[in-house]
Amino acid sequence: MSQPDAETLAIRDKLISTRRAIYSTTEAEVSKRWTYEEGIKRPYFHVKPLERVQLKNWKEYLDFEMEQGSHERMVVLFERCMIACALYEDFWLKYAKYLESHSVEGARNVYRRACTIHLPRKPNIHLNWAAFEEQQGNLDGARDILKTLEEAVPGLAMVTLRRVSLERRTGNLVNAERIFQEAVEHAKDTNTASFFSLKLARFLAKTKADTEGAKTVLKEAIEKDKENAKLYLQLLDLEFQQGVRPDEDRVLQCFDLAMASQLSADAKLTFSQRKVEFLEDFGSNVERLMTVYEEHQKLVKTHSGGKKRAQEGAGDDLVPAEKKHKLEENGTMSMPPPMTMPPPAPAPNSLPPPDPNAAPPPSYNYNWSTGYNQPSANQYNYGQWGYGQQYYPPASQ
């Protein structure tokens with residue numbers, strides 16, 4: 001067998017070196033992702049929820065791949081992830097947000113797959129899809145998405161408010177008001193109706209500059225929900241915000257309406273306090289101010305007395321029935337006799353008896369000529385406590 005020539009050897013070495021470089025690069029990339037691949041225990045779809053460890057692994061794997069910057073690998077990994085995590089809204093949103101900066105049509109396709117197939121009743125991804133279509137100028141598509149979601153999951157306030165916001169941003173105020181009115185009429189309970197009434201009144205006053213219409217909406221809501229303090233507060237705010245100087249008579253009518261309502265005692269006390277403050281700041285008649293102030297003081301006393309009686313009643317309920325009966329019979333509570341402690345035992349004499357012939361210790365050699373120098377109070381920083389002051393005994397009677 002003939003030996004290969006130099007040219008053949010050079011070609012062989014070049015091919016081997018090229019393949020070796022590819023192999024080394026592939027091995028390095030595989031080693032980077034091996035931990036994440038080993039963490040994938042369920043690569044297929046199942047209706048049972050994934051474990052937290054699995055979800056965390058998918059999230060970290062996606063974040064890692066995003067840092068690497070390969071778009072092709074990102075799309076492949078997202079498609080793999082969507083098989084196992086098809087019922088998780090966060091991963092669909094992550095996929096769509098990623099594609100928005102690469103392909104508008106691709107992001108729209110992801111939103112469509114998620115909202116129409118896998119997550120038809122999840123509001124968050126529908127709202128994001130509607131916002132995406134609005135950003136792209138597809139207003140009709142955004143309206144259809146929100147309308148479809150409202151039909152699939154009725155009663156969501158956020159969907160109604162998003163529909164109103166869409167119409168308001170596009171300048172279609174008539175449709176926005178109509179959506180609010182339909183929400184008030186079709187509300188399931190009184191609280192929901194009052195909530196949308198507040199939103200409608202604010203919309204009419206601030207967006208359409210229709211203050212009288214806003215007042216009408218609030219008064220109609222008060223007739224249906226007389227115990228909602230927010231309605232009265234909103235009505236007061238409307239009167240306060242009219243003109244440079246508020247109309248005193250109209251504001252007082254709002255206060256009187258709240259005071260004559262079925263609000264709680266605490267709420268009425270708050271409105272009474274605000275009424276006094278309003279007359280102090282904007283009132284034109286001192287007699288009216290003093291009258292309102294006296295009424296407020298009476299309300300405060302009544303409110304305080306009611307609270308005190310309620311606390312006393314609660315305190316009586318805490319006393320056991322047997323002890324309460326015993327107190328009622330004797331008038332006083334019988335106390336057990338005080339405990340007597342035995343006298344302490346004498347301490348044993350552990351020191352030896354003194355030696356009469358022994359010389360006194362050096363500490364006994366006291367120099368009487370020097371006298372005893374008592375330290376002052378300032379020496380021990382006692383001056384700040386007044387320990388250095390002289391004490392005068394009380395005069396004898």
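## Description of the overall build of the protein
And then number 1: Tallying secondary structure elements over the protein gives 16 helices and zero strands in all.
And then number 2: Out of the 397 residues belonging to the protein, those deemed buried represent 28%.
And then number 3: Put simply, of all contacts in the protein between residues at least 6 apart along the chain, 48% involve residues at least 24 apart.

## Let's talk about the packing of helix H11 (residues 211-224) against helix H12 (residues 229-240)
And then number 1: Relative orientation of the contacting elements H11 and H12 amounts to 160°, with a least axis distance of 10 Å. Relative to H12, the element H11 is oriented roughly antiparallel. By crossing handedness, the relation of H11 to H12 is classed as left-handed. Contacts between H11 and H12 involve Ala214, Lys215, Leu218, Lys219, Ala221 and Ile222 on the former and, on the latter, Leu231, Tyr232, Gln234, Leu235, Leu238 and Glu239.
And then number 2: A class-by-class count of the residues in the contact of H11 with H12 yields eight nonpolar, one polar and three charged.

## Topic: the nonpolar core
And then number 1: By size, the foremost hydrophobic cluster in this structure holds 40 residues, and its most contacted members are Trp58, Cys85, Phe91 and Ile125.
And then number 2: Contributions of two or more residues to this core are made by helix H2 (52-68), helix H3 (71-84), helix H4 (89-100), helix H5 (104-118), helix H6 (123-135), helix H7 (139-152) and helix H8 (157-169).
And then number 3: At seven residues, H4 tops the list of elements feeding residues into this core.
And then number 4: Ignoring any residue separated from it by four or fewer positions in sequence, one finds Trp58 in contact with Ile40, Leu77, Arg80, Cys81, Ala84, Cys85 and Phe91.
And then number 5: Residues Leu198, Ala201, Ile222 and Leu279 belong to the second largest nonpolar core, which totals 35 residues.

## Observations regarding the confidence of the model for the protein
And then number 1: Here the protein averages 82 in pLDDT, and 76% of its residues register 70 or above.
And then number 2: Predicted confidence for residues 331-336 stays below pLDDT 50, and this span has five contacts to residues more than four positions away or in other chains.
And then number 3: A low-confidence stretch, residues 359-394 (pLDDT under 50), is modelled with eight contacts involving residues beyond four sequence positions or located in other chains.

## Notes on the side chain of Glu133
And then number 1: Position of Glu133 relative to the elements: it lies in helix H6.
And then number 2: Apart from residues no more than four positions distant in its own chain, Glu133 is found in contact with Arg108, Asn138, Ala142 and Ile145.

## Quick look at H12
Within an α-helix, residues lying three or four positions from one another point in the same direction, as the helix has 3.6 residues per turn.
And then number 1: Taking 1.5 Å per residue, 12 residues should reach 16 Å; H12 reaches 17 Å between its end C-alpha atoms and fits that length.
And then number 2: All buried positions along H12 are accounted for by Leu231, Tyr232, Gln234, Leu235, Leu236, Leu238 and Glu239.
And then number 3: Along its buried surface, H12 packs onto helix H10 (190-206), H11, helix H13 (248-259) and helix H14 (265-282).
And then number 4: Two or three places before Lys230, at the opening of H12, Asn228 has a side-chain oxygen 3.1 Å from that residue's backbone nitrogen.

## A word on the packing of H3 against H4
And then number 1: Contact geometry for H3 and H4: axes closest at 10 Å, N-to-C directions at 160°. With respect to their mutual orientation, H3 and H4 come out roughly antiparallel. Remark: the crossing between H3 and H4 carries left-handed chirality. Contacts between H3 and H4 pair His71, Met74, Val75, Phe78, Glu79, Cys81 and Met82 from the former with Phe91, Trp92, Lys94, Tyr95, Tyr98 and Leu99 from the latter.
And then number 2: The residue inventory of the contact of H3 with H4, partitioned by class, reads 10 nonpolar, one polar and two charged.

## Things to note about the environment of Arg162
And then number 1: Inspection of the secondary structure assignment puts Arg162 in helix H8.
And then number 2: For Arg162, a relative accessible area of 30% translates into the label partly exposed.
And then number 3: C-alpha separation for the pair Arg162 and Ala130, spaced 32 residues apart in sequence, amounts to 9.2 Å.
And then number 4: Once residues within four sequence positions are removed from consideration, Arg162 is found in contact with Leu127, Ala131, Leu146 and Arg169.

## A short note on the pattern of salt bridges
And then number 1: The final tally for this structure, using the stated rule, is 23 salt bridges.
And then number 2: Residue Arg33 is joined to Glu29 by a salt bridge in which the shortest nitrogen-to-oxygen separation is 2.6 Å. Linking Arg33 with Glu29, this pair stays in helix H1 (residues 6-39), spanning four residues, or about one helical turn.
And then number 3: Here Arg33 falls in the buried class, since its relative accessible area comes to 8%.
And then number 4: Measuring nitrogen to oxygen at the nearest pair gives 2.7 Å for the salt bridge that ties Lys208 to Glu177. Residue Lys208 is found in the loop between H10 and H11, and its partner Glu177 is found in helix H9 (residues 173-185); the two are separated by 31 residues along the sequence.
And then number 5: Relative accessible area serves as the criterion here: at 34%, Lys208 is assigned to the partly exposed category.
And then number 6: Each of Glu29, Lys32, Arg33, Glu65 and Arg73 takes part in one network of salt bridges that share partners.

## Notes on unusual backbone geometry
And then number 1: Positioned with a positive phi, Ala209 is a non-glycine residue whose angle comes to about 55°.
And then number 2: Assignment of secondary structure puts Ala209 in the loop between H10 and H11.
And then number 3: You can call Ala209 exposed: its relative accessible area is 64%.

## Points about H7
And then number 1: Between the first and last C-alpha of H7 there are 20 Å, a value that for 14 residues agrees with the 20 Å anticipated at 1.5 Å per step.
And then number 2: Within the sequence span of H7, burial applies to Gly141, Ala142, Ile145, Leu146, Leu149 and Glu150.
And then number 3: Taken together, the buried residues of H7 touch H6 and H8.
And then number 4: Sitting at the amino-terminal end of H7 is Asn138, which places a side-chain oxygen 3.1 Å from the backbone nitrogen of Gly141.

Quick notes on the rules
Residues numbered from 1 in each chain as written. Predicted model: local features only at pLDDT ≥ 70, side-chain atom pairs only at ≥ 80, totals over all residues. Heavy atoms only, no water. Helix = DSSP H or I, 4+ residues; strand = E, 2+ residues; numbered from the N terminus. Buried < 20%, exposed > 50% of the residue type's maximum accessible area, 1.4 Å probe, protein only. Contact = heavy atoms within 4.5 Å. Axes fitted to C-alpha atoms, helices over the stretch in contact; angles between N-to-C directions. Parallel < 35°, antiparallel > 145°, perpendicular 65-115°, else oblique. Left-handed = near helix turned anticlockwise from the far one by under 90°. Nonpolar A, V, L, I, M, F, W, Y, C, P; charged D, E, K, R; others polar. Core = buried A, V, L, I, M, F, W, Y, C linked by side-chain atoms within 4.5 Å. pLDDT = per-residue confidence, 0-100. Expected span 1.5 Å × (residues − 1). Polar contact = N/O pair within 3.5 Å; in protein donor to acceptor, adjacent residues only side chain to side chain. Salt bridge = Lys/Arg side-chain N within 4 Å of Asp/Glu carboxyl O.

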